[in-house]
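One-letter residues, chain by chain:
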There are 2 protein chains.
Amino acid sequence: MATIQDVAKHAQVGVGTVSRVLSGKGYVKEETRQRVQASIETLNYTPNEMARNLFFRKSGIVAVIVPDVAHPFFAQFVNAAEMVLCEQGYQTMICNTYYEQNYEQRYLEMLKQRRMDGIIFGAHTVLDISQYENIHLPIVALDRDLGENIPCVSVNHKTGGKMAAEELIRSGCRNVVQFVGIKEEKEVSTPSNVRHDVFEETMKQQGIRCQSLHVKWPTPDTSYYRKVSAKLLEDYPDVDGVFATDLMAMAVLQAAQLHRKRVPEDLKLITYDGTYLIELAYPRITAIIQPIDRLAKEAVHLVVDLIHGKSIQNKKIELQTVLRPGDTTMGD
Amino acid sequence: MATIQDVAKHAQVGVGTVSRVLSGKGYVKEETRQRVQASIETLNYTPNEMARNLFFRKSGIVAVIVPDVAHPFFAQFVNAAEMVLCEQGYQTMICNTYYEQNYEQRYLEMLKQRRMDGIIFGAHTVLDISQYENIHLPIVALDRDLGENIPCVSVNHKTGGKMAAEELIRSGCRNVVQFVGIKEEKEVSTPSNVRHDVFEETMKQQGIRCQSLHVKWPTPDTSYYRKVSAKLLEDYPDVDGVFATDLMAMAVLQAAQLHRKRVPEDLKLITYDGTYLIELAYPRITAIIQPIDRLAKEAVHLVVDLIHGKSIQNKKIELQTVLRPGDTTMGD
């Protein structure tokens, strides 16, 4: 396979010139450009990201920082991100921030020292947000507001929350509960919280009782979800609709079945995220789907653009959620 | 916080001497050793793995290679490995081999060039196994036979398979099916396959009908599991016991419920792996648990030992599986 060096030799120019032709950046005489182009075609040279990265002596490493890679949402996100990063010539480093000892700070340092090319930051930091605000380096946030300098990829949580509320309303709910995730020590500023406000507002407009219960977020501990679900059915025996995320929704479904509550007749259930988990539950849980693979793809493309020096001001990418009807609501 | 340099200065020795005292490797005069020790205590210096790695100018990176990090078993494994690697001062790179384009080859090259300190290799390679056999570098396999040079961490799958068979026998099964995962292109040589032989053998010894159905392994595609499960109940209407792994077991449970088969009365079900998924199913699925966190811990400790130059010959670490009774068998 021809390399960039082969092309340079063949065209009798320096490697830097070939690189300028490939990237389209910097001045190259038209005649030289044509000669390089001809050599590229003759040698059947395929410039790829990997070669470009090696040539520019970048580390070729992008870190994906998530609370907990075992959590199904983040597992799917990291999986998809790794795939796209691989296609783009980057290797993926991961960092879980959920645990007491973690590398978030170190990764920022590595980025500053250029030992890492970029960071995709998936929700919730253990650091002070000011640490991010003043960095002008390739960082992209997933579902988190890290200030004006840092582009953010998320779904439109406003529509997402409204979709969930409307599906429970169509199903005839009069007394609903939603679970709102919080991190114990400090509040997480994430656009995803908007869905809870919209959900509650939509319910109240219809005169429907709506309670918001705060739960730990996101814990890898399934026994916690089971405990909370059991308590929900004890403390709120009249609840007829629940809005949760996947792990909690699975636990609520299990608790309802243990308590011989009929789903959806006695209890309607709608989940947010819609990871693969939900498709294996019985009955199938109605879900507001986040397009996780597309979120990952957008995040990777943004971080690669930043690495390539493109300037991105105030960029917010918002994808749409989709309602996937299951057997735990009766929307139509 | 005191650094290794501070200690060296205080004890009036070179950094190399402090390092030799810390690692216990190489010769240091007894008098010097005592002086260094005193300086370490005076300055309250805590030698940690991270400092050691930085000092030895290692990359500090360990790669964890898995088929698919979205798969619950591998998600939990990678999560646990990242946590222990972080404690040990290493950063975690990940590589999914399931996809057509992947970095397995490149990671091996990076290891050879010392741009990476070690690799934890989680089952199934897309490369020829000979690529691994001749490498004398820090590689540890999870559940995979990569030749004599490469230590392997796994559970005792023989006992695991026997446990599963005996639980279904105790539950009164007469006609069982087990799902055996294969990779389409080539057979994977993994010690985990032993469980299927033992399962079948144990069944046949008792005169119980046992069929082994081959399925793709491990696909992130849940619709595949649902299709296979539906077909199972059509093709084998008399099956009264199923042995599967978590995703397939969830799908079989769902299919049974859709077909109004009573579990466990009409159909008994036992799963292998026992990831968090299983705890959220209803009814709770009886499981042969692999201690995933401990597998990760052992793999990390082995790879760190290898990085530190310890020689490990023919090392196989086998942990024990545990039967966690659920409501899908009637073992007692």
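K.L.:
What's the story with the overall build of chain A in this structure? I'm lost.
P.N.:
When helices and strands are counted, chain A shows 13 helices and twelve strands. The buried share of chain A, reckoned over its 332 residues, is 58%. Of the contacts made within chain A by residues no fewer than 6 positions apart, 71% connect residues no fewer than 24 positions apart.

K.L.:
I keep staring at the environment of Leu-319 of chain B and nothing clicks. Help me out?
P.N.:
Residues and elements named next belong to chain B. Looking at where Leu-319 falls in the secondary structure, it is placed in strand β11 (residues 316-319). Look at Leu-319 and you get buried, because its relative accessible area is 6%. Once the C-alpha coordinates of Leu-319 and Gln-105 are considered, the two residues, 214 residues apart in sequence, prove to be 29 Å apart.

K.L.:
Which parts of the structure should I look at to understand the sheet that holds strand β7 (residues 209-216) of chain B?
P.N.:
Strand pairing within a sheet occurs via backbone hydrogen bonds; the two strands may be parallel or antiparallel. Residue and element names in this part refer to chain B. In spatial order, the strands read β7-β6-β8-β9-β10-β12; together these six strands make up an open sheet with mixed pairing. In this open sheet, the two strands that pair with only one neighbour each are β7 and β12 (322-324). Mean inter-strand twist for the sheet, computed between neighbouring axes without regard to direction, equals 20°. Bridge count between strand β6 (residues 175-182) and strand β8 (residues 241-245): three bridges; the pairing is parallel. The partner of Val-176 across the bridge, within β8, is Gly-241.

K.L.:
Sorry, what's going on with the sheet that holds strand β8 (residues 241-245) of chain A here?
P.N.:
All names here are of chain A. Pairing within the open sheet is mixed, and its six strands lie in the order β7-β6-β8-β9-β10-β12. Two strands close off the open sheet at either side, each with one partner strand: β7 (209-216) and β12 (322-324). Strand-to-strand twist in this sheet, taken as the mean axis angle between neighbours without regard to direction, amounts to 20°. Pairing of strand β10 (residues 286-289) with β12 involves three bridges; the strand directions are antiparallel. Counterpart to Ile-289 in the pairing with β12 is Val-322. Those strands touched by helix α9 (residues 194-205) are β6 (175-182), β7, β8 and β9 (268-273), and its axis lies near 165° from that of β6.

K.L.:
What should I look at first to understand the pairing of β8 of chain B in this one?
P.N.:
Consecutive residues of a regular strand have side chains that alternate between opposite faces of the sheet. Residue and element names in this part refer to chain B. Counting buried positions over the five residues of β8 gives four, a clear majority of the element. Sheet analysis places β8 next to strand β9 (residues 268-273), joined by five bridges and oriented parallel. Residue pairing in the sheet places Gly-241 in a bridge with Lys-268 of β9. What joins β8 to β9 is helix α11 (residues 246-258), and the crossover it makes is right-handed.

K.L.:
Is there a simple way to think about the interface of chain A and chain B in this case?
P.N.:
A common way to report how large an interface is uses the accessible area buried once the components associate. Across the boundary between the two partners, chain A contributes 46 residues, which contact 47 residues of chain B. At the boundary of chain A with chain B, total buried surface from both sides reaches about 4,500 Å², with 58% on carbon and sulfur atoms. Interface area lost by chain A to chain B is led by Gln-91, Leu-280 and Tyr-282 of chain A, which between them contribute 17%. The tally of links from chain A across to chain B stands at two salt bridges. Salt-bridge contacts for Glu-279 of chain A lead to Arg-226 of chain B; the nearest nitrogen and oxygen are separated by 3.0 Å. Secondary structure elements with two or more residues in the side of chain A that touches chain B: α5 (72-87), β2 (91-96), α6 (104-112), α10 (222-235), α11 (246-258) and α12 (276-279) of chain A. With ten residues, α5 of chain A is the single largest residue contributor to the side of chain A that touches chain B. Class assignment of the residues belonging to the side of chain A that touches chain B gives a composition of 27 nonpolar, eleven polar and eight charged. Relative to strand β2 (residues 91-96) of chain B, β2 of chain A runs antiparallel, the two sharing three bridges. Within β2 of chain B, the position partnered with Ile-94 of chain A by the bridge is Thr-92 of chain B.

K.L.:
Explain the pattern of salt bridges here, please?
P.N.:
Oppositely charged side chains can pair when the atoms bearing their charge come close. A full pass over the atoms with the stated rule returns 22 salt bridges over all chains. The partner of Asp-305 of chain A in a salt bridge is Lys-310 of chain A, with the nearest N and O atoms 3.4 Å apart. Relative accessible area serves as the criterion here: at 26%, Asp-305 of chain A is assigned to the partly exposed category. A cluster of three or more residues bridged by salt bridges with shared partners is formed by Arg-226 of chain A together with Glu-279 and Arg-324 of chain B.

K.L.:
Help me understand the packing of aromatic side chains, please; the structure alone is not making it clear to me.
P.N.:
On inspection of all chains with the given rule, the structure shows eight aromatic pairs over all chains. Centre to centre, the rings of Phe-243 of chain B and Tyr-272 of chain B are 5.8 Å apart; their planes meet at 75°, and the pair counts as edge-to-face. With Phe-243 of chain B in strand β8 and Tyr-272 of chain B in strand β9, this residue pair connects regions lying 29 residues apart in the sequence. Taken as a pair, Phe-243 of chain B and Tyr-272 of chain B share a single burial class, namely buried. One aromatic cluster in this structure is built from Phe-199, Phe-243 and Tyr-272 of chain A.

K.L.:
Can you walk me through unusual backbone geometry in this structure?
P.N.:
With glycine set apart, most residues show a phi of negative sign, and most peptide bonds adopt trans. Between Val-263 of chain A and Pro-264 of chain A the backbone carries a cis peptide bond, its omega angle lying at 10°. With respect to the secondary-structure elements, Pro-264 of chain A resides in the loop between α11 and β9. Along the chain, Tyr-282 of chain A connects to Pro-283 of chain A via a cis peptide bond; the corresponding omega equals -5°. Its place among the elements puts Pro-283 of chain A in the loop between α12 and β10. We note that Gln-12 of chain B has phi near 55°; this positive angle belongs to a residue other than glycine.

K.L.:
Help me out: how do you make sense of the side chain of Asp-117 of chain B in this one?
P.N.:
All names here are of chain B. Looking at the secondary structure, you find Asp-117 in the loop between α6 (104-112) and β3 (118-122). What makes Asp-117 buried here is its relative accessible area of 9%. What Asp-117 contacts, discounting residues up to four positions off in sequence, is Lys-58, Ser-59, Gly-60, Ile-61, Tyr-90, Leu-111, Pro-138 and Ile-307.

K.L.:
For this particular structure, what's the right way to read the relation of the copies chain A and chain B?
P.N.:
Relating one copy of the chain to the other takes a rotation about an axis and a shift parallel to that axis. Expressed as a screw transformation, the operator carrying chain A onto chain B has a rotation angle of 180° and an axial translation of 0.0 Å, and the superposed copies differ by an RMSD of 0.2 Å. Given the turn and translation reported, the copies of this chain are related as if by a two-fold rotation axis. Within chain A, the C-alpha atom positioned nearest to the axis of rotation is that of Met-93 of chain A, 2.1 Å from it. Most of the interface of chain A is mirrored in chain B, where 100% of its interface residues again form contacts.

K.L.:
What is the right way to look at the side chain of Asp-246 of chain A in this model?
P.N.:
Residues and elements named next belong to chain A. Here Asp-246 is to be found in helix α11. Side-chain polar atoms of Asp-246 contact the side chain of Thr-271, separated by 2.8 Å. A polar atom in the side chain of Asp-246 sits 3.1 Å from the backbone nitrogen of Gly-274. Each residue touching Asp-246, except ones within four places of it in the same chain, is listed here: Thr-271, Tyr-272, Asp-273, Gly-274, Thr-275, Leu-277 and Ile-278.

K.L.:
How do you make sense of the nonpolar core when you look at a structure like this?
P.N.:
Of all hydrophobic cores here, the largest spans 90 residues; its most connected members are Phe-77 and Phe-199 of chain A together with Phe-77 and Phe-199 of chain B. If sequence neighbours within four positions are ignored, Phe-77 of chain B has contacts with Val-64, Ile-120, Leu-142, Ile-292, Leu-295, Ala-296 and Ala-299 of chain B. By size, the runner-up hydrophobic cluster in this structure holds 64 residues, among which are Val-228 and Val-263 of chain A together with Leu-253 and Ala-281 of chain B.

Scoring rules and cut-offs
Residues numbered from 1 in each chain as written. Chains lettered and ligands numbered in written order. Predicted model: local features only at pLDDT ≥ 70, side-chain atom pairs only at ≥ 80, totals over all residues. Heavy atoms only, no water. Helix = DSSP H or I, 4+ residues; strand = E, 2+ residues; numbered from the N terminus. Buried < 20%, exposed > 50% of the residue type's maximum accessible area, 1.4 Å probe, protein only. Contact = heavy atoms within 4.5 Å. Pairing = 2+ DSSP bridges. Axes fitted to C-alpha atoms, helices over the stretch in contact; angles between N-to-C directions. Right-handed = clockwise from strand over helix to strand, strands pointing away. Buried area = accessible area lost by both parts, 1.4 Å probe. Salt bridge = Lys/Arg side-chain N within 4 Å of Asp/Glu carboxyl O. Nonpolar A, V, L, I, M, F, W, Y, C, P; charged D, E, K, R; others polar. Phe/Tyr/Trp six-rings, centres within 6.5 Å; stacked < 30°, edge-to-face > 60°. Least-squares fit on C-alpha atoms with pLDDT ≥ 70 in both. Polar contact = N/O pair within 3.5 Å; in protein donor to acceptor, adjacent residues only side chain to side chain. Core = buried A, V, L, I, M, F, W, Y, C linked by side-chain atoms within 4.5 Å.

By themselves, these figures tell us nothing about what the structure is for.
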